[in-house]
Every structure is written in C-alpha cells, then in structure tokens.
Amino acid sequence: MSILQTGAKTTTIHFQLIDLGYEQFHPVVQILLNNQLASMIIDTGATQTTLDFETAELLWPDNDWKNTEFLTLGFNQIDLIHYQFKIQDFKINNLHIADFPVAIMDMCHVNNMYKEVTNGNISGVIGNDLLMRFKAVINYHQKTLRVSVN
C-alpha cells in the first residue's frame, strides 16, 4: 500500500450519520473507487475493509479477484465466502491510497436494510485495517473522521 498524495499531515473527512432506528446508527462516508462515487460504512468492528460483491463486479468485471475465494468466520460462527483484491485507486477526500488490499463479499443483507431506511446503496465498509493504519479519530458529535498521514 502506498500513499500517492495528500494535502496535509492530517485530513478531516465528513460523514453522514445514518439512523437505522432502534438507537442504531452507522457513520457513512463518500469515497471514490476507480473514480466512481461510493458510500461506505465506517465500521470499527470490521477487521478488514470490505467491498460488496456487486460493487466489485461493476468496477472490476474482468479482474481475476474471483480466483482468490476462501472461507472466513462471520457472525454467529457462519462461514462466509469472500475474496481478496488490491484496489489501485482508493480516494477519501484528499487521501489517495494505491494498492490497498480489501476483502470482497456478498453484502446484500446490509444493502437490503439500507434500501428500506435510506433508498441508498452501500458499497462496503471501511475497517480497522485502514482506520489503524491512518490513526483514525472518529468524532460523532462533529460527524468527522480525522486521519493522519505520516
């Protein structure tokens, strides 16, 4: 993974706090994947940044990421099939990351819920791999994610 450019040592990213009802909220940030706008959940409980299978199919239909299938343990000890892929063009505000490894898995259950609540679509989750790498600080009151580039 390499950082191609950034405007400063830290950058602040604004997010929307989605109210899912029943005192459940998700911070959602807009990013660019291959110059396509995508919505991703900031998920401090996710080990790895993950893209939805449908998003990967749309953005990289001819890539060989489908050859990297393996099982992982998910919620409730359910085995989940997912894939590995390195994104060449991942941008959040002025933070531009190249060769960033992500998992790809079916997130239809998340998107079904989001379509009911927001009529929107989620392309994936930003996980602890990215949050820790860039020393992320989430401020729910200001609805900001601050990342450091050192």
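Predicted model, so just to flag it, every value in this text is computed and none were measured. (Residues numbered from 1 in each chain as written. Predicted model: local features only at pLDDT ≥ 70, side-chain atom pairs only at ≥ 80, totals over all residues. Heavy atoms only, no water.)

Focus on helix H2 (residues 108-118)
In an α-helix, one turn spans 3.6 residues; hence positions three or four apart end up facing the same way. Among all positions of H2, only Val 110, Asn 111 and Tyr 114 are buried. End-on view of H2: buried residues confined to an arc of 90°, all on one side of the axis. Relative to its buried face, H2 has exposed residues pointing more than 90 degrees away, namely His 109 and Glu 116. Here the buried face of H2 lies against strand E3 (16-21), strand E4 (24-33), strand E5 (36-42) and strand E6 (50-52). (Buried < 20%, exposed > 50% of the residue type's maximum accessible area, 1.4 Å probe, protein only. Helix = DSSP H or I, 4+ residues; strand = E, 2+ residues; numbered from the N terminus. Arc of directions from axis to C-beta. Contact = heavy atoms within 4.5 Å.)

As for the environment of Phe 90
With respect to the secondary-structure elements, Phe 90 resides in strand E9 (residues 90-92). For Phe 90, a relative accessible area of 0% puts it in the buried group.

As for the sheet that holds strand E2 (residues 10-14)
Spatially, the 3 strands line up as an open sheet ordered E2-E14-E13, and their pairing is antiparallel. Two strands in the sheet have a free side with no partner beyond their single neighbour: E2 and strand E13 (137-139). Going from strand to strand, the sheet's axes swing by 20° on average, the running direction of each strand aside. One ladder, built from 3 bridges, connects E13 with strand E14 (residues 144-148); its direction is antiparallel. Bridged to Val 137 within E14 is Arg 146. (Pairing = 2+ DSSP bridges. Axes fitted to C-alpha atoms, helices over the stretch in contact; angles between N-to-C directions.)

With respect to the pairing of E2
In E2, alternate side chains face the same way, and those of Thr 11 and Ile 13 are buried while those of Thr 10, Thr 12 and His 14 on the opposite face are not. Sheet analysis places E2 next to E14, joined by 5 bridges and oriented antiparallel. Along E14, the bridge assignment pairs Thr 11 with Val 147.

A word on the packing of aromatic side chains
One pass over the full model with this rule turns up 4 aromatic pairs. Ring geometry for Phe 53 versus Tyr 83: centroids 6.1 Å apart, planes at 40°, classification tilted. One end of the pair, Phe 53, is in helix H1 (residues 53-59); the other, Tyr 83, is in strand E8 (residues 79-87), and 30 residues separate them in sequence. What makes Phe 53 partly exposed here is its relative accessible area of 28%. Geometry around Phe 134 places Arg 133 over its ring, the cationic atom sitting 5.0 Å from the centre. (Phe/Tyr/Trp six-rings, centres within 6.5 Å; stacked < 30°, edge-to-face > 60°. Lys NZ or Arg CZ within 6 Å of the ring centre and 35° of its normal.)

Comments concerning the side chain of Ser 39
Its place among the elements puts Ser 39 in strand E5. A polar contact is formed between the side chain of Ser 39 and the side chain of Gln 30, at a distance of 2.8 Å. (Polar contact = N/O pair within 3.5 Å; in protein donor to acceptor, adjacent residues only side chain to side chain.)

Some details on unusual backbone geometry
Even without being a glycine, Tyr 22 presents a positive backbone phi close to 55°. Note on placement: Tyr 22 falls in the loop between E3 and E4. Of note in the backbone geometry, Lys 135 takes a positive phi value of approximately 45° without being a glycine. Here Lys 135 lies in the loop between helix H3 (128-133) and E13.

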